[in-house]
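# Examination of the molecular architecture
For reference, the chains in residue letters:
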Amino acid sequence: MNIQEKFSADPNRYDTMHYRRCGNSGVKLPMIALGLWHNFGDAADLTNGRSILRKAFDKGITHFDLANNYGPPYGSAETNFGRIFKEDFKPYRDELFISSKAGYDMWLGPYGNFGSRKYLIASCDQSLKRMGLDYVDVFYHHRPDLETPLEETMGALDHLVRSGKALYVGISNYDAQRTRESAAILKDLGTPFLVHQPRYNMFDRWVEGGLLNALEDTGIGSVVFSPLQQGLLTNKYLKGIPQDSRAANSIYLSEDRITPEILNKVKKLNALAEERKQSLAQMAIAWLLKDKRVTSVLVGVSRLSQLQDNIDALNNLDFSEEELTTIETILQS
């Protein structure tokens, strides 16, 4: 990573960002949050990554989201973020909301995965060391583990708060029922259960089957990930599959998933976005934020222009009934 000039944050950084209260808590989060899943591993251009983080903070994005195994290789996104944090963001620590997670494969052996107390506590310790932090603002269990008692997993999250390693806890990818059960356990423990992080976008609406209602009933916020379905809900694939695209290079969006039927829907959605004077990505983000149960939309970007485009979604969050009906018709066709 090239050494750049000393970072001094824009004094007007809070003037234009929109913030939304996270559930029933005292925490307000920016309606656009920055995820470091891609573009911060050891193979990434960290000068570019550093520019993205700086630009995000200058635009009022206070929430940076990581996980233990983000990279590749595992751990490298946290390590690289830690370097950038030390050089650029340490004076602003109390203005930042930094999250990490554990739950997926991280290290060899029986204790490097899933939801045991041993794995979660050790993983949080490792994450804090990699990032050079005393605590994270929220620590998530990254996925449900049906073989570990829920009381053990939630008890580990409670321990992290009581030991000062996390201010709040969260869960990710849990269904509605296990979310309610987790909320009940954490309430009994007196643990600040802040947020759920589910996948949600126009093409993946599973959260509407009960999870959003569970979050509303329990007073938990949500930070939704994959809002653009790995780039499908952009104009990137309207004329084919670029060789440098995620569909051409990633297991998370394969070419065979971009069917003629899907492309037809994307083209119709793009036409509607143009009528709204938005990019398709902006409309897809705005569509998620129309529901107040969605606290924030988590975006991952590889270019400053993508970041700005995503932030500009906040310039038009209103939908007419006719537009919402049109979107439903397109998605159900």
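The structure presented is a predicted model; accordingly, all values stated were derived computationally and were not measured. (Residues numbered from 1 in each chain as written. Predicted model: local features only at pLDDT ≥ 70, side-chain atom pairs only at ≥ 80, totals over all residues. Heavy atoms only, no water.)

For the structure on display, the rule yields eleven aromatic pairs. Between Phe-97 and Tyr-168, the ring centres sit 6.3 Å apart and the planes meet at 35°, which makes this aromatic pair tilted. One end of the pair, Phe-97, is in strand β5 (residues 97–102); the other, Tyr-168, is in strand β7 (residues 166–172), and 71 residues separate them in sequence. Classification of Phe-97 as buried rests on a relative accessible area of 9%. By relative accessible area, which is 22% here, Tyr-168 ends up partly exposed. Every member of this aromatic cluster is reached through a ring pair, and the members are Phe-7, Phe-57, Phe-64, Phe-81, Phe-85, Phe-89 and Tyr-92. Across the ring face of Tyr-111, the terminal group of Lys-118 is positioned such that the distance to the ring centre comes to 5.4 Å. The aromatic ring of Trp-287 is capped on one face by Lys-290, whose charged end is 3.7 Å from the ring centroid. (Phe/Tyr/Trp six-rings, centres within 6.5 Å; stacked < 30°, edge-to-face > 60°. Helix = DSSP H or I, 4+ residues; strand = E, 2+ residues; numbered from the N terminus. Buried < 20%, exposed > 50% of the residue type's maximum accessible area, 1.4 Å probe, protein only. Lys NZ or Arg CZ within 6 Å of the ring centre and 35° of its normal.)

It is worth spelling out the pairing of strand β10 (residues 296–299) at this point. Of the two faces of β10, the one holding Ser-296 and Leu-298 and the one holding Val-297 and Val-299 are both buried throughout. Pairing of strand β3 (residues 32–35) with β10 involves three bridges; the strand directions are parallel. Across the sheet, the residue bridging to Ala-33 is Leu-298, located in β10. Relative to β10, strand β9 (residues 221–224) runs parallel, the two sharing two bridges. In the sheet register, Val-224 faces β10, and the bridge partner there is Val-297. (Pairing = 2+ DSSP bridges.)

This part is about the sheet that holds β7. If you trace the eight strands once around the closed barrel, you get β3-β4-β5-β6-β7-β8-β9-β10, paired in parallel fashion. Averaged over all pairs of adjacent strands, the angle between strand axes in this sheet comes to 30°, irrespective of strand direction. Where β5 lies against strand β6 (residues 136–141), four bridges are found, and the strand directions are parallel. Bridging from a neighbouring strand, Ala-102 pairs with His-141 of β6. Lying on the sheet, helix α3 (residues 117–131) is in contact with β5 and β6; it crosses β5 at an angle near 135°. (Axes fitted to C-alpha atoms, helices over the stretch in contact; angles between N-to-C directions. Contact = heavy atoms within 4.5 Å.)

Geometrically, the link from Gly-71 to Pro-72 is a cis peptide bond, its omega value of -5° lying close to zero. Assignment of secondary structure puts Pro-72 in the loop between β4 (63–65) and α2 (76–89). Here the bond from Pro-72 into Pro-73 is cis, since omega is -10°, no more than 30 degrees from zero. If you trace the backbone, Pro-73 turns up in the loop between β4 and α2.

Before going further, it helps to examine the pattern of salt bridges. Going through the model one piece at a time under the given rule, you end up with 17 salt bridges. Taking the shortest distance from any N to any O, the salt bridge between Arg-180 and Asp-217 comes out at 2.9 Å. Here the residue Arg-180 occupies a position in helix α5 (residues 176–189), and Asp-217 occupies one in helix α6 (residues 211–218), the gap between them amounting to 37 residues. The exposure class of Asp-217 is exposed, given its relative accessible area of 55%. Ionic pairing is found between Glu-208 and Arg-205, a salt bridge with its closest N-O pair at 3.0 Å. Residue class for Glu-208 comes out partly exposed when judged on its relative accessible area of 37%. What makes Arg-205 partly exposed here is its relative accessible area of 24%. One continuous salt-bridge network, built from bridges that share partners, spans Glu-5, Arg-50, Arg-54, Glu-87 and Asp-88. (Salt bridge = Lys/Arg side-chain N within 4 Å of Asp/Glu carboxyl O.)

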